[in-house]
Structures are given as C-alpha cells and as structure tokens.
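Overview (structure and organization)
For reference, the chains in residue letters:
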Amino acid sequence: MARRKKVTTYRRDIGVDERYGSELIQKFINVVMWRGKKNIARNIVYDALDQLIKKAGGDKEKGLKFFHDAFNQVIPSVEVRARRVGGSVYQIPMEVETGRARSLAMRWLIQAAATRSDKTMGMRLAYELLEAKEGRGNAVKKKIDVHKMAEANRAFSHYAW
C-alpha cells in the first residue's frame, strides 16, 4: 500500500491574450518574456503575428490559423530520455506529453528565431514561423533530429517501463 498521498498536479490558469483571445498566444508571450519585460514580449509576438496576417492577405482568422499550423509543425511526438540500466546509459524513445511537447516547440521556435539575422526579433520570429509552416527552418529541423534520434534508438524501447 502506498505510503504517500497521490500527487495532484495543479496548472495555473494563465488566461488569454488581449488582442486575439488565444491561450496559446498568451503562453507564447510568457515564454518569450525575458526578465519580466512582458510589454516587450507582447510587442515581439504581436509584430510576428502582424507579419503572418499580412502574408495571409490581411485576414485575422487566416493569420491565426497560419500561426497554429506553423506551431503544430514544430510539436514533437517522441523524444529520447536517458535511462540507466545495469551500469549503461541508454537513450530510450518515449512519447512526449502534450504540455511538454508544446513547451519544447515554443522553446525551439524562440531559439531558432534568435539565431536568425533579421533586423528585429519580431521579424525573426515571423520568418521562423513562415518557414515552419512550409516544413523548413531550424525549429522544424530540431524536431526532425529528435524524431531521427528516437527512431535510431528504437531497439531500446523495451527498457521504457
């Protein structure tokens, strides 16, 4: 019989962003935020979304769909985790939980945008999202590399218990 209480995970409600009413965009703003500068993070994300809306023909709904499609291109489904078995460390492929998959995708998008050489961070993020929509870009490359690593280590999947 278990000696501990069951751990209940509580997720704080972050609300929705003020312009589009999307919880995903609000979370993305929070992840972009650095040293508590939320207005700067808001401006960066909204600049990127304005660029996407402009590319989508000026339609707000199409621009948001464009953002969601690009974001879904980056979300991983499997990853490798290190597990020590009998003195050796194996990279074991495991399915990624939805919350972790979303946070990985956000992190990869921001890191890929930061390494680009465009003028502003908003432009960098917009171009990274545009490339992600088309299935290219560094964030999508990172996802593909993670999936290849999981596929290469598929032989060790029986260690996942």
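Located above this text is the structure these notes cover.
Values in this document were obtained by computation on a predicted structure and should not be read as measured data.

Of regular secondary structure, the chain possesses six helices and two strands. Ordered by position from the N terminus, the helices and strands of the chain form the series α-α-α-β-β-α-α-α. Over its C-alpha atoms, taken along the principal directions, the chain stretches across nearly 55 × 40 × 30 Å. Taken across its 161 residues, the chain has 37% of its residues classed as buried. A fraction of 56% describes how many contacts in the chain between residues 6 or more apart in sequence connect residues 24 or more apart. When the accessible surface of the chain is summed, it comes to about 10,800 Å², and 49% of that surface belongs to carbon and sulfur atoms.

Attention now moves to the nonpolar core. Grouped together as the largest cluster of nonpolar side chains are 38 residues, with contacts concentrated most on Ile 25 and Phe 28. Counting residues per element, the ones that place at least two in this core are helix H1 (23–32), helix H2 (38–55), helix H3 (60–74), helix H4 (98–114), helix H5 (121–133) and helix H6 (138–152). Sorting elements by how many residues they give to this core places H4 first, with nine residues. Apart from residues no more than four positions distant in its own chain, Phe 28 is found in contact with Val 45, Phe 67, Met 106, Leu 109, Ile 110 and Leu 125.

Moving on, we come to the packing of H3 against H5. Between H3 and H5, the shortest axis-to-axis distance is 8 Å and the interhelical angle comes to 70 degrees. Looking at the two axes, H3 sits roughly perpendicular to H5. Here Phe 66, Phe 67, Asp 69, Ala 70, Gln 73 and Val 74 of H3 come into contact with H5, specifically with Leu 129, Leu 130, Ala 132 and Lys 133. Tallied by class, residues from the contact of H3 with H5 come to seven nonpolar, one polar and two charged.

Two elements, strand E1 (residues 78–85) and strand E2 (residues 88–95), share eight bridges in a ladder whose sense is antiparallel. By the bridge assignment, Arg 84 is partnered in E2 with Val 89. Between the end of E1 and the start of E2, which pair antiparallel, lie two residues, with Gly 86 showing a positive phi angle near 60 degrees.

The next thing to look at is the environment of Met 33. When you line up the elements, Met 33 lands in the loop between H1 and H2. A relative accessible area of 28% means that Met 33 is categorised as partly exposed. In this structure, Met 33 is in contact with Lys 38 and Ala 41, ignoring residues within four places of it in sequence.

All right, on to the packing of aromatic side chains then. Enumeration according to the criterion identifies three aromatic pairs in this entry. Taking the centre distance of 5.8 Å and the plane angle of 70 degrees together, the rings of Tyr 20 and Tyr 46 count as edge-to-face. Of this pair, Tyr 20 sits in the segment before H1 while Tyr 46 sits in helix H2, and the two are 26 residues apart along the sequence. The pair formed by Tyr 20 and Tyr 46 is uniform in burial state, with each residue classed as buried. Ring centres of Phe 67 and Phe 71 lie 6.2 Å apart, and the angle between their planes is 20 degrees; this geometry places the pair in the stacked category. Here the residue Phe 67 and the residue Phe 71 both occupy positions in helix H3, the gap between them amounting to four residues, near one helical turn. Classification of Phe 67 as buried rests on a relative accessible area of 1%. By relative accessible area, Phe 71 is classed as buried at 2%. In this structure, Arg 19 is placed above the aromatic ring of Tyr 46, and the distance from its NZ or CZ to the ring centre is 4.2 Å.

Here is what the cut-offs are and how they apply
- Residues numbered from 1 in each chain as written.
- Predicted model: local features only at pLDDT ≥ 70, side-chain atom pairs only at ≥ 80, totals over all residues.
- Heavy atoms only, no water.
- Helix = DSSP H or I, 4+ residues; strand = E, 2+ residues; numbered from the N terminus.
- Buried < 20%, exposed > 50% of the residue type's maximum accessible area, 1.4 Å probe, protein only.
- Contact = heavy atoms within 4.5 Å.
- Areas by Shrake-Rupley, 256 points an atom, 1.4 Å probe, with all protein chains shown as cover.
- Core = buried A, V, L, I, M, F, W, Y, C linked by side-chain atoms within 4.5 Å.
- Axes fitted to C-alpha atoms, helices over the stretch in contact; angles between N-to-C directions.
- Parallel < 35°, antiparallel > 145°, perpendicular 65-115°, else oblique.
- Nonpolar A, V, L, I, M, F, W, Y, C, P; charged D, E, K, R; others polar.
- Pairing = 2+ DSSP bridges.
- Phe/Tyr/Trp six-rings, centres within 6.5 Å; stacked < 30°, edge-to-face > 60°.
- Lys NZ or Arg CZ within 6 Å of the ring centre and 35° of its normal.

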